[in-house]
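Single-letter residue listing:
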Amino acid sequence: MFILFIEFAASILEGYIGIRFAGLLFENKFKKSKAIIITFISSFFLAIIVTILNMVKLFSCITIIFGIFSISIIVFLIYNCKIPHAFLITCFYFICLNYLDFFAITIASFLLQDSNYPKIVTTYYSYLRIKQLFICKLLLIIFYYNIKRFFKKRFHISSFNHYVILSLICGIGTIYLINSSFAKIYPSNFKDWLIFSIIFILAWLLLFFYEQFKYEKKEENFLHSRNSLLEKNFKELNLLYSANAQAYHDFNNHINILQHLLIKKDTSTALNYLNSINQPTKCLLSHTWTGNDIIDIILNNKLKIMDDNCIDYKINVEFPNNSNLQPNDICSILANLLDNAIEACNRNLKKSNKWINITIRIINAMLIFKIENGNEIEPKIQNMHFITSKKEKQFHGWGLKCVENVITKYQGNMTYAIKQNSFQIIILLNYDIKNS
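Residues numbered from 1 in each chain as written. Predicted model: local features only at pLDDT ≥ 70, side-chain atom pairs only at ≥ 80, totals over all residues. Heavy atoms only, no water.

1. Let's talk about the sheet that holds strand β6 (residues 413-419)
Two orientations exist for strands paired in a sheet by backbone hydrogen bonds: parallel and antiparallel. To keep it simple, the criterion reads: Pairing between strands is defined by DSSP: at least two bridges between them are needed. Counting from the N terminus, the helices are DSSP H or I runs at least four residues long and the strands are E runs at least two residues long. Every axis in this analysis is a line fitted to C-alpha atoms, fitted for helices over the stretch in contact. Angles between the N-to-C directions lie between 0 and 180 degrees. Only heavy atoms matter for contacts: two residues are in contact if any of them lie within 4.5 Å across the pair.
Taken together, the 5 strands give an open sheet; going across it, the order is β1-β2-β3-β7-β6, and neighbouring strands pair in mixed fashion. Single-partner strands in this sheet number two, and they are β1 (312-317) and β6. Ignoring strand direction, the axes of neighbouring strands in this sheet form an average angle of 10°. The sheet strands contacting helix α11 (residues 293-308) are β1 and β2 (355-363), and the helix crosses β1 at an angle near 165°. The strands that helix α12 (residues 327-347) touches are β2, β3 (366-374) and β7 (422-430); relative to β3, the one it contacts most, it runs at about 15°.

2. Section: the environment of Ser42
For Ser42, the location among the structural elements is in helix α2 (residues 32-56). Taking the C-alpha atoms as reference points, Ser42 and Gly15, separated by 27 residues in sequence, lie 8.0 Å from one another. Those residues in contact with Ser42 that sit more than four places away from it in its chain are Ile19 and Ile74.

3. Description of the confidence of the model for the chain
Stated formally: Each residue carries a pLDDT score, the predictor's confidence in it, ranging from 0 to 100.
With 78% of its residues at a pLDDT of 70 or more, the chain shows a mean pLDDT of 78. Here residues 390-398 is modelled with pLDDT under 50, and outside its nearest four sequence neighbours on either side it reaches 10 contacts, counting other chains as well.

4. Some points on a nonpolar patch on the surface
Using the following cut-off: Patch criteria: residues need more than 30% relative accessible area and no salt bridge. Like-charged residues are merged within 9 Å; nonpolar side chains of Val, Leu, Ile, Met, Phe, Trp and Tyr are merged within 5 Å. The accessible surface values rely on the Shrake-Rupley method and a 1.4 Å probe; as for residues, cover is taken only from the protein chains in view. The salt bridge definition used is simple: a Lys or Arg side-chain nitrogen within 4 Å of an Asp or Glu carboxyl oxygen.
Together, Ile37, Phe40, Ile41, Phe44, Phe45, Ile48, Ile49 and Ile52 give the surface a local cluster of nonpolar side chains, amounting to about 720 Å² of exposed area. Tracing the backbone shows Phe45 in helix α2.

Okay, structure coming up:
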């Protein structure tokens, strides 16, 4: 009973670490405390089944297959990940688990110079097996906590195919070495384990740093593109403000000229002159939509572009006062969404599909952006992200990525709907009211 209890406890530990191992890469669907409770309960029931299977035959392929599929499903249910990713990380965990176990067994066998040692500890219940279990599970705990410190918030599973190929190669190598452990222990066998260990670690480190480089490069491109988009929109706003400032600077001169023309009763020339000096600020001051300068200026600017491109529009907007919503974030969302809508309308061939509806609404402590536009070409979507249709993809497609970044900042969400000849995108942002 004591041996069975130790076996049962070891199985719980293996299952628990296997499920938590996936948490190094994926986010929880539940609160951390709830996820830990679910993990422990799942590990407990898995351990019961594994103990029963081990009573039939220790170290069987059936037990390993059962463990891989069971933990993959649990990982998928607890964490935000896809089934293939859950299966991949579980397979990798079992490769590491068996690798650690048999590497330790090989070392013990080599030190004891006992070629039957691997067979004894993997085939029969004994106190010798219990001693080896303690060593193997201690190595597993050390491995888990070190890999946790190394991977936490730094590992990005983007090149899925690379990880699949590397996992298969490592798995084949581990199976070969495990089989060789049951043969007579020669010094060369121990040497093979050491060489494979070095290659195994170096291969994963190489892939890890390659992924880090790709991720950092992507982040760098994102920041550069976001800053370029913000700079572009703020330059447009600055030009409008500059024109307005110049008009106010020359205010006295303009008044004198207008006064002189009116004294001469040259009303026609005075009106023409008034229109000429007012032209630069018409876009800036044409309409107050929300009372928020940033939104009103962006709307007036984009509406003028719509007029110039013969795009029909409807607008219904409001905006909360004294909120924690930052002007540059609102600029990112509104300017990018409207630019994309205008671009889509300009691609449309039918005049009836050149239209944009703009809605900004307050619902409780949430701000809703809803942009609808005519659309004859269905947008490309991959993994819930929009893919740019422009040729130089590395220089385009960052607009919606900037929008997604703002949505994350305000703990909001984005939904879209593709209908016949129309496209709709809805963005929800949570905000707080500032204290006066």
